[in-house]
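# Analysis of the macromolecular model
The lines below spell out each chain.
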Amino acid sequence: MTANGWFQIGLFVLAIFLVTKPLGVFMVRVFEREKTWLDPVLGPVERLIYRVAGIDDAHEMRWTEYGVAMLAFSGVSMLLLYLLERVQLWLPFNPQKLANVTPDLAWNTAASFTTNTNWQAYVPETTMSYMTQMVGLAYHNFASAAVGIALAIALIRGVARRESNTLGNFWVDLTRCFLWVLLPICLVVALVFVSQGVVQNLKPYAVAQVVEQQTVTGTGADGKPTSKVITQQVIATGPVASQEAIKMFGTNGGGFFNTNSAHPFENPTPFANFLQMFLIFAIPSGLTYTLGRMTRSPRHGWAVWGAMLALFLVGVTTAYWAEARGNPLLVGVNQQASAAQPGGNMEGKEVRFGIANSALFATVTTDASCGAVNGMHDSFTPLGGLVPLVNILLGEVVFGGVGSGLYGMLVFVILAVFLAGLMVGRTPEYLGKKIEAFDVKMAALSILIFPLTVLLFSAVSSVSSFGVSSISNPGPHGLSQIFYAYTSATGNNGSGFAGINANTVWYNATTGISTLLGRFFAVIPILAIAGSLARKKTVPQSAGTFPVTTPLFATLLVSTVVIVGALTFFPVLSLGPILEHLLMLAGRSF
């Protein structure tokens, strides 16, 4: 670990802190339909959309209607993406003449991108045409992000409103999120990325002549040895910058290239790398201030932000320490940082980013439900790889995805105030509203969906031939590869331990199901909580009221998040990365 590394981490935290209030205030004005500087341009567009779509923007929805509208929009969007993948060969903007996507992979990708997971069991540059990338995947990057933000705003309204049966209008929230929040910023950011060297074109892939011819040997279908002389290299290009902006700002993570943000065409410079990490946390951080502003309790918003920051700092410190220490199995290799070498465990990392930025990126992308990577998590040390895994297992509430991080954290807030109420022997309250049995049951149901899905599919895959045949390592690391896949899918993250071959019928089917369960089965109880809270009266604070604006509350909230994650997943973690770390110290590898 170096002073320069800590400086970059500190600079990142400062940038996130500085953007939280202005972006949070802007989102309050957008979703409360207050006047903004973009109204003269976007107002007429918004009204045209409502007129064409037949939307009554003055109509307010109950939580059930809001949920049905959200599910209908997501379901239709998912179906259209599936159909687009299945017929891409016959559509324009396919200069490489890429084939139609197979049914199981098309299903997996459609479910993944609809749920803001962006799990990619394929090589994008050899699988998806420009049409599919732009019209299908990039659109879903916007749509899934907008849905997540709309759901978070609905829950905030539920907390803020008194004796109300409605939570707003889903179609209005979705439209305003598209027009005011996502599109303007992504347009500017895409141009910034182009200025840094990110590719943006619609040309066929470039072909370069290699300097030295190479002969590749192999085995043919008849079992006889074969050889091929390589004289050319095909270099994939395409509309990358436009997708990269929303990929990060919408915490999507699905890359145009297989190596994602480790590819120089997606992430060419240190500034581009910093900007990508900044974009991942911008909206989730800003939403904490939106929470405080809309509920008229800014200190509560900052308390939630502080809890998220504390969990983030623990994660990034652990990852940086583990990777900077290096691998003790590499006997005789100098792994100390110096002017001549970066030091530490550099396997699977870009030299231009180094240990600090790789550890920071891995922590940020798994704290949020992003999944973009600038290094391969499969190549991290056991404890270094444990951090991204644990970040997702905590529910991705450490800032989390756009919208999903906040509404996931508010579920833990409800559990935290419930526990506080039990400790003082009185009915728990949250911002003046009593937390009753229904609210706690819905919160517990939302949380239980995640471990039930992850543990069930991981258990079946780890003892079946169709599951273990896809892993590249035996022993505890192989278990981690399987467990990480279902954790990432159900947690709607999308990153993976790159050593697993997930493009099989089993993994495509089950990870696709996992993404849907992790998104929609978890959010329906949350909407029910929002509807319940909106109908309640507020009660005045008393001497027995547990304040939700203090460091003590933030500490209790962090403890609740950690305890739930630790108690649920510690057994499987002890058989995976923890055991692998102990074996590494004992000099054993797999």
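To be clear, the structure that these remarks concern was listed above.
## Thoughts on the environment of Q233
Of note, Q233 is situated in strand β2 (residues 225–235). In sequence terms Q233 and M308 are 75 residues apart; their C-alpha atoms lie 45 Å from each other. Discounting residues that sit within four places of it in the chain, Q233 has contacts with A206, V207, A208 and V210.

## Side note on the pattern of salt bridges
In total, this model carries 13 salt bridges according to the counting rule given. Between R33 and E46 there is a salt bridge whose closest N-O contact spans 3.7 Å. Here R33, found in the loop between α1 (3–31) and α2 (39–53), pairs with E46, found in helix α2; they are 13 residues apart in sequence, far enough to count as distant. Judged by its relative accessible area of 38%, R33 falls in the partly exposed class. For E46, a relative accessible area of 6% corresponds to the buried category. Close ionic contact of R176 with E46 constitutes a salt bridge, the shortest N to O distance being 3.0 Å. Highlighted residues: R176 in helix α7 (residues 170–196) and E46 in helix α2, separated in sequence by 130 residues. For the pair formed by R176 and E46, the shared burial category is buried. By sharing partners, the salt bridges in this structure join R33, E46, D57 and R176 into a single network.

## Remarks on helix α8 (residues 241–249)
Along α8, 8 of the 9 residues are buried, which leaves the element largely enclosed by surrounding structure. Regarding α8, the residues found buried are A241, Q243, E244, A245, I246, K247, M248 and F249. T251 sits one or two positions beyond α8 and adopts a positive phi of about 45 degrees.

## Details of the nonpolar core
Looking at soluble globular proteins, one finds that nonpolar side chains tend to be buried together. By size, the foremost hydrophobic cluster in this structure holds 168 residues, and its most contacted members are F170, V181, L182, I283 and F312. At 16 residues, helix α6 (residues 130–160) tops the list of elements feeding residues into this core. Discounting chain neighbours no more than four positions away, the residues touching F170 are M61, Y66, A69, M70, F73, V147 and A150.

## Some remarks on the side chain of S495
Tracing the chain through its elements places S495 in the loop between α16 (475–490) and α17 (505–535). Residue contacts for S495: discarding those within four places in its chain leaves W119, T366, G371, V373, H377, I392, Y484 and S488.

## Section: helix α9 (residues 270–294)
Taking 1.5 Å of rise per residue, 25 residues should cover 36 Å, and α9 covers 36 Å from first to last C-alpha, within 8% of that figure. A bend of about 35 degrees at A282 is the largest found in α9, and the proline P284 appears one to four places after it. Burial of α9 is extensive: 21 of the 25 residues sit out of reach of the surface. Positive phi appears at R296, one or two residues downstream of α9, with a value of about 60 degrees.

## Here we look at the side chain of S297
With respect to the element layout, S297 can be found in the loop between α9 and α10 (298–325). Looking at S297, the relative accessible area reads 11%, which means it is buried. With residues near it in sequence (within four places) discarded, S297 still touches G292, L431 and T549.

## Comments concerning the state of the cysteines
Evaluation of the coordinates by the stated rule reveals 0 disulfides. The thiol of C177 is not disulfide-bonded; the next cysteine sulfur, from C186, is found 10.0 Å away.

What counts as what
Residues numbered from 1 in each chain as written. Predicted model: local features only at pLDDT ≥ 70, side-chain atom pairs only at ≥ 80, totals over all residues. Heavy atoms only, no water. Helix = DSSP H or I, 4+ residues; strand = E, 2+ residues; numbered from the N terminus. Contact = heavy atoms within 4.5 Å. Salt bridge = Lys/Arg side-chain N within 4 Å of Asp/Glu carboxyl O. Buried < 20%, exposed > 50% of the residue type's maximum accessible area, 1.4 Å probe, protein only. Core = buried A, V, L, I, M, F, W, Y, C linked by side-chain atoms within 4.5 Å. Expected span 1.5 Å × (residues − 1). Bend = angle between axes of the 7 residues up to and from the residue. Disulfide = S-S within 2.5 Å.

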